[in-house]
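The primary structure of each chain is shown beneath.
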Amino acid sequence: MGKLRLTVISVTIATKNFRFLYTVKNILSKIHEIKTNHILPKEFTTDNSDVIITTETEKNVIKSNKIFIPKAFNHYYLFSNIFLIANSKKKFGEVVVGIDPGKTIGFAVIGEGKSILGVGEFFTAVDAVKETITVFFNVETDIFKVNIGRGGGEIKEEVIKRLKSIFYEKVPVNVINEDFTSQNKNRLAETRYSKNINAALNIASREI
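In this report, the structure presented in the accompanying data block is examined. (Residues numbered from 1 in each chain as written. Predicted model: local features only at pLDDT ≥ 70, side-chain atom pairs only at ≥ 80, totals over all residues. Heavy atoms only, no water.)

1. Focus: the overall build of the protein chain
Here comes step 1: Helix and strand content of the protein chain: six helices and nine strands.
Here comes step 2: Across the 208 residues of the protein chain, 49% fall into the buried class.
Here comes step 3: Within the protein chain, contacts between residues at least 6 apart in sequence are counted, and of these 65% link residues at least 24 apart.
Here comes step 4: When the accessible area of the protein chain is evaluated, it comes to approximately 11100 Å², of which 50% is carbon and sulfur surface. (Helix = DSSP H or I, 4+ residues; strand = E, 2+ residues; numbered from the N terminus. Buried < 20%, exposed > 50% of the residue type's maximum accessible area, 1.4 Å probe, protein only. Contact = heavy atoms within 4.5 Å. Areas by Shrake-Rupley, 256 points an atom, 1.4 Å probe, with all protein chains shown as cover.)

Here's what the structure looks like:
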């Protein structure tokens, strides 16, 4: 398995609806892997961007096979769809949520074993579980699973209990050893995240 990727995706927002523009741009501006620019639909000439975001009423003005018309405004929904369109895919083969339980809970989402779809830090088991549910309902994938670090004591047990009560047996919840080798750590040498998030990335990318 190669290094985790932080590839930059070029996105053009083609719209004259400035409320739509503001909403989309506000979410995408927080995603370091996405670079955006804005044009009016009538200004669209060549397809130089990886993805073109527009509205249902404006899509016919744009001739491109990389058009994305959002049906929701959520980080995971927007980013995962942008990623899939940019890579000419309809869905992910596998998406794994990694959770590093502790006083500060590290959280990471990895697609296809190498693409970072989202990261975060939480301070309660409830918030980490809510974020997992958000990912589950907003990312199209054949396989969805959750990896949780073996440490974390009561926090770990609460996260596992809540996830299993919500997903039953539909989503695998795996407890992962955290004795990572230097090779595992080197895979994350290029990331800019905190130790909790890096631990969650390692947990998510760890093969069972």
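2. Quick look at helix 6 (residues 195–205)
Here comes step 1: Most of helix 6 is tucked away: ten of the eleven residues are buried.
Here comes step 2: Of the residues making up helix 6, those classed as buried are Asn196, Ile197, Asn198, Ala199, Ala200, Leu201, Asn202, Ile203, Ala204 and Ser205.

3. Some words on the pairing of strand 5 (residues 92–100)
Here comes step 1: Taking burial as the measure, the nine residues of strand 5 include seven buried ones, the bulk of the element.
Here comes step 2: Relative to strand 8 (residues 141–149), strand 5 runs parallel, the two sharing seven bridges. Across the sheet, residue Val95 finds its bridge partner in strand 8, namely Phe144.
Here comes step 3: Relative to strand 6 (residues 105–111), strand 5 runs antiparallel, the two sharing six bridges. Its bridge partner being in strand 6, Asp100 is matched across the sheet by Gly106.
Here comes step 4: Where strand 5 folds back on strand 6, the antiparallel hairpin that results is connected by four residues. (Pairing = 2+ DSSP bridges.)

4. Some points on the pattern of salt bridges
Here comes step 1: Scanning the entire structure with this criterion turns up six salt bridges.
Here comes step 2: The closest approach of N and O atoms between Lys59 and Glu56, which form a salt bridge, is 2.5 Å.
Here comes step 3: With relative accessibility at 29%, the residue Lys59 sits in the partly exposed group.
Here comes step 4: The exposure class assigned to Glu56 is partly exposed, which follows from its relative accessible area of 41%. (Salt bridge = Lys/Arg side-chain N within 4 Å of Asp/Glu carboxyl O.)

5. Side note on the sheet that holds strand 7 (residues 115–122)
Here comes step 1: Within the open sheet, the five strands sit side by side as 7-6-5-8-9. Their pairing is mixed. Of all the strands in the sheet, the pair left with one neighbour each is strand 7 and strand 9 (173–176). Direction aside, neighbouring strands of the sheet carry axes that sit 20° apart on average.
Here comes step 2: Direction of pairing for strand 8 relative to strand 9: parallel, over a ladder of four bridges. Across the sheet, the residue bridging to Asn147 is Asn174, located in strand 9.
Here comes step 3: Against the sheet, helix 2 (residues 75–86) engages strand 5, strand 6 and strand 7, with an angle of about 165° to strand 7.
Here comes step 4: Relative to the sheet, helix 3 (residues 125–138) contacts strand 5, strand 6, strand 7 and strand 8, its axis offset from that of strand 6 by approximately 10°. (Axes fitted to C-alpha atoms, helices over the stretch in contact; angles between N-to-C directions.)

6. Here's the deal with the packing of aromatic side chains
Here comes step 1: Scanning all chains against the criterion turns up eight aromatic pairs.
Here comes step 2: Look at Phe68 and Tyr77: their rings are 5.9 Å apart centre to centre, the planes differ by 50°, and that puts the pair in the tilted class.
Here comes step 3: Assessed through its relative accessible area of 5%, Phe68 is described here as buried.
Here comes step 4: Of the residues examined, Tyr77 reaches a relative accessible area of 15% and is grouped as buried. (Phe/Tyr/Trp six-rings, centres within 6.5 Å; stacked < 30°, edge-to-face > 60°.)

7. Examining the environment of Ile62
Here comes step 1: Position of Ile62 relative to the elements: it lies in the loop between strand 3 (51–53) and strand 4 (67–68).
Here comes step 2: Here the alpha-carbon distance between Ile62 and Ile52, two residues ten residues apart in the chain, equals 8.8 Å.
Here comes step 3: Setting aside anything within four residues of it in sequence, one finds Ile62 in contact with Ala14, Pro41, Phe44, Ile52, Thr54 and Ile67.

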